[in-house]
Amino acid sequence: MPPEAGRNRVSPDRRQVNLAEKPETIVMIKSLRQSTLETLGLGSVLSIFKNGRLPVDTTEAVCRVFGGASERGSLVISGANGIVGAGKAMQLGSRLASFGVPVVALDFAGSPDGIGQKFAGLKNTFGTEGAARIMQNIIRLNYDGKNLPADLKNFRPRFLLEAVPEILEIKKAHYAIFRAAFPDIEIRSVTSGFPGAELGVGITHPAFPHEINKVWEVVEKTPSAVTQLFWALGMIPVCVSDHWSFVLDVLFCGLTLAGLRYHLNSNMPFWRIDKYIRKLLGPNPFRAHDAIGAKGANFLTWSCLHHLGKAYGGLFTPPEQLKNTVDGGQNWYPLNHFRPLVNWQLDPLEEQEFNTRILGPLYQMASLMLHENRAHYANMNIIGELCAQFRRGVLAEIRARGADAVIGTVTAYHKLEPQVAKSAWYPRVFDRMDTPEWQQLYVNAEHDGTVGVLTIGRESYNTDVDGELNRAIDWLKSERIQKVILCGDFHFSTQMVGADTSAFFPALKDESKGYEVSYQWSKTARRLNDEFKTSVGCVTGKRCLGGMLELMMHCHYLVAVSDCDLGMPEVTLPVIPGMEGCHWPFRRAHKKDWPRLVKLLLGGRFIKAKEATGWLVDDAGSLENTLKKVWRIAVGEDHGLALRPLNADPISGIPTDAACMAVADDPVTLAAQKAILDNIIASCGVTLNEAIDRQARHSAGFMSGDYCRGGAIGQQYAKTMKV
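Definitions and cut-offs
- Residues numbered from 1 in each chain as written.
- Predicted model: local features only at pLDDT ≥ 70, side-chain atom pairs only at ≥ 80, totals over all residues.
- Heavy atoms only, no water.
- Helix = DSSP H or I, 4+ residues; strand = E, 2+ residues; numbered from the N terminus.
- Rg over C-alpha atoms; globule rule 2.2 N^0.38 Å.
- Contact = heavy atoms within 4.5 Å.
- Areas by Shrake-Rupley, 256 points an atom, 1.4 Å probe, with all protein chains shown as cover.
- Buried < 20%, exposed > 50% of the residue type's maximum accessible area, 1.4 Å probe, protein only.
- Arc of directions from axis to C-beta.
- Pairing = 2+ DSSP bridges.
- Axes fitted to C-alpha atoms, helices over the stretch in contact; angles between N-to-C directions.
- Right-handed = clockwise from strand over helix to strand, strands pointing away.
- Phe/Tyr/Trp six-rings, centres within 6.5 Å; stacked < 30°, edge-to-face > 60°.
- Domains from an automatic or database assignment.
- Buried area = accessible area lost by both parts, 1.4 Å probe.
- Salt bridge = Lys/Arg side-chain N within 4 Å of Asp/Glu carboxyl O.
- Polar contact = N/O pair within 3.5 Å; in protein donor to acceptor, adjacent residues only side chain to side chain.

## Here's the deal with the overall build of the protein
1) Next: Along the backbone of the protein there are 29 helices and 21 strands.
2) Next: On C-alpha atoms alone, the protein measures out to a radius of gyration of 26 Å, which is about the 27 Å that the 2.2 N^0.38 rule sets for 723 residues.
3) Next: Each principal axis of the C-alpha distribution contributes one length, and for the protein these read about 75 × 65 × 55 Å.
4) Next: A fraction of 76% describes how many contacts in the protein between residues 6 or more apart in sequence connect residues 24 or more apart.
5) Next: Just so you have it, the protein exposes about 28000 Å², and 51% of that area is on carbon and sulfur atoms.

This is the structure we're talking about:
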């Protein structure tokens, strides 16, 4: 279990694993729950601000894994022409090229050119010249599976990322060949199912799609230099325990199995099952198999379930039909023109049974993973969102439903599938639901007795984050902390994209739901301004947009890295900014800067933080300067910034001339611009106390109207919820 939350603990001596940390930075820190950074051996977020730098220097991390510049070795990816190997060759190759680390792509002679197929995507991202430079650093070598090519030694292999087929004997033989030739080489497997104890190597299991998804499930006894290098390169390593299929594939393969079992009981077509699963949870498991490549993905799912079934019994045992699908290699979805012929609808009782058959096994699998302590609770929860496309993580979903409802669902499922009740069911784990580890899945708080840090570990704001942020603020207040920093968690929130638009679905049909969201989220944001002596918003990711930017703007100071994108894209959805973005920034900016704010809100375009200094943010600079500036503000040292006061009185004179207006030629955007401008004028034209209600009513009224229902959010709602 994670350490007891809320207790004093000295941050461990991380000098052996934290490349940039100095001994004098070891401090007493109290936290609401363990930081996920700490699971990587990277300490606390508070220490990052105290030190004024990240805990790992990328160049030093490269040297630890691949050697110094004069003796730099290579990364070898075996099975490099496969879908995983080729994707990771592109992703890691693009990051390691500037450090002079060769990427050796090793595969059988005559295997399909998976790497060549990725070049078009590489060119779209980096341009022709940039893609060519990356490809120049990728060396392709062939081998026969038994003997390594003689030229390989010239590239001084230091790290092997193994992506050969999911057959245990083949993998073990592969490692033996490399260890015989290069005894000191680091080896990690990308396996989706075999534990490291079976393989004899560590695990770095990547999530699909492999070219762009940065999440890796990591299995190792202690945080290694490889894992910390991945983090320093912008990856998202997530520590999990050494159990069969870890976390991601228990969720992904388990959900596929639940859908398959429903098909066998009902004969409902797979594409229709996907629609109901998407409505319930968010993913499309069968479509995902087809997108990955059904032949390979079906085998991986069968392999994971086969071994899980041997270890845990009927909950995971795959039916014979799945093995037949593996052998046939066919897609789950038929041609599109067949679908209307079987447009299956469920009545309420049938849908209730469907939900039981899908949620029951999912909850039971979660109980197993919790019982085995497979991951930090926040890690286990976020894996489902970042990798399996759950709208909310499985632990957040369980928390929302409550222990009694969850146990009742599993009990009902056992009546439908009695064979799954015999093992792998641990209802007592739900007794832990009131602990900080489970209550704070997305938001954490730390302090050193003087300065507190609130960290958000989710890229989009939703009701779960809102509730957790309030609890974290309450905890800091109970600890008598009067100075606070608000930021991402330097782990999962590599960007802050705004509000989770699925949170607006109820508001499309019920105006009161829209008002509730806007008013409550705004009340939470105001606490940053009202309840602390000093609050500093810090933006270090690549973008901060919409509701997340509105939240940050409520801090007394807002500091960002220069090249971060800032924006209010609500007009493009369309929706009205409902977290006080239509009046709060005007109350803090000089009148001469109001045209910029109007243009920002009505245009929906992004600007760099360095362009917004003085009227939207207070300071923008390099990452190191940003961290140091934020800390000086928080502790009250000289920082050179004047506090921009908040005008609580009604303000008038909002510019509406053409120079401030973004050009739009479609009726939906024009309607959204008018509604946003109306909200700006209305909420600015009253006192600060009155504005929270005024802007919430405008936001809710537009969300329940035709233009919002016909826009991107309405279309997303129809695609997701109308089955």
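## A closer look at helix α14 (residues 320-328)
1) Next: Taken residue by residue, α14 has Leu 322, Thr 325 and Val 326 as its buried positions. The arc that holds the buried residues of α14, viewed along the axis, is 100°, so those residues lie on one side. Along α14, exposed side chains directed more than 90 degrees from the buried face belong to Glu 320, Asp 327 and Gly 328.
2) Next: Turning to α14, the residues buried within the fold contact α10 (248-266) and α13 (294-312).
3) Next: Taken from the residues just after α14, Gly 329 is the one with a positive phi, measuring 70°.

## Points about the sheet that holds strand β17 (residues 543-545)
1) Next: Sheet architecture is open: three strands sit in the order β17-β19-β20, paired in mixed fashion. Looking at the sheet topology across the chains shown, the edges are occupied by β17 and β20 (607-608).
2) Next: Relative to strand β19 (residues 565-567), β17 is paired through three bridges, and the arrangement is parallel. The residue of β19 that forms the bridge with Cys 544 is Leu 566.
3) Next: Of the strands in this sheet, β17 and β19 touch helix α22 (residues 546-553), which is tilted by about 90° from β17.

## Quick look at the pairing of strand β10 (residues 236-239)
1) Next: Residues Ile 236 and Val 238 line one face of β10 and the alternating positions Pro 237 and Cys 239 line the opposite face, and both faces are buried.
2) Next: Summarising the sheet, strand β9 (residues 215-219) and β10 pair through four bridges and their orientation is parallel. Within β10, the residue paired with Trp 216 across the bridge is Pro 237.
3) Next: Read from β9 through helix α9 (residues 225-232) to β10, the crossover connection turns out right-handed.

## A few points about the packing of aromatic side chains
1) Next: Within this structure, the stated rule accounts for 22 aromatic pairs.
2) Next: Their ring planes at 50° and their centres at 4.9 Å tell us that Phe 286 and Trp 332 sit as a pair that is tilted. Residue Phe 286 is found in helix α12 (residues 285-292), and its partner Trp 332 is found in the loop between α14 and α15 (348-371); the two are separated by 46 residues along the sequence.
3) Next: Of the residues examined, Phe 286 reaches a relative accessible area of 0% and is grouped as buried.
4) Next: When the centroid spacing of 6.3 Å and the interplanar angle of 70° are considered together, the rings of Phe 586 and Trp 594 count as edge-to-face. The exposure classification of Phe 586 matches that of Trp 594, with both residues buried.

## Regarding the domain arrangement of the protein
1) Next: The domains assigned to the protein are domain 1 (59-239), domain 2 (248-437) and domain 3 (442-721).
2) Next: Averaged C-alpha coordinates put domain 1 and domain 2 at centres separated by 31 Å.
3) Next: Counting from both sides, the interface comprises 13 residues of domain 1 and, opposite them, 14 residues of domain 2.
4) Next: Considering only the side of domain 1, the residues that lose the most area to domain 2 are Glu 166, Ser 192 and Phe 208, jointly responsible for 34% of the buried surface there.
5) Next: Remark: the boundary between domain 1 and domain 2 carries zero salt bridges.
6) Next: Linking domain 1 to domain 2 there are four residue pairs in polar contact (both at pLDDT 80 or more).
7) Next: Secondary structure elements with two or more residues in the side of domain 1 that touches domain 2: β9 and β10.

## Thoughts on the sheet that holds β9
1) Next: Taken together, the eight strands give an open sheet; going across it, the order is β5-β4-β3-β6-β7-β8-β9-β10, and neighbouring strands pair in mixed fashion. Edge positions in the open sheet fall to β5 (138-143) and β10, since each of these has one partner strand only. Each strand axis lies, on average, 25° off the axis of its neighbour in the sheet, ignoring direction.
2) Next: Pairing geometry for strand β6 (residues 157-162) and strand β7 (residues 186-189), over four bridges, is parallel. Bridge pairing in β7 links Glu 162 to Ser 189.
3) Next: Here helix α4 (residues 83-96) sits on the sheet in contact with β3 (74-78), β4 (103-108), β5, β6, β8 (202-206) and β9, set at roughly 165° to β3.

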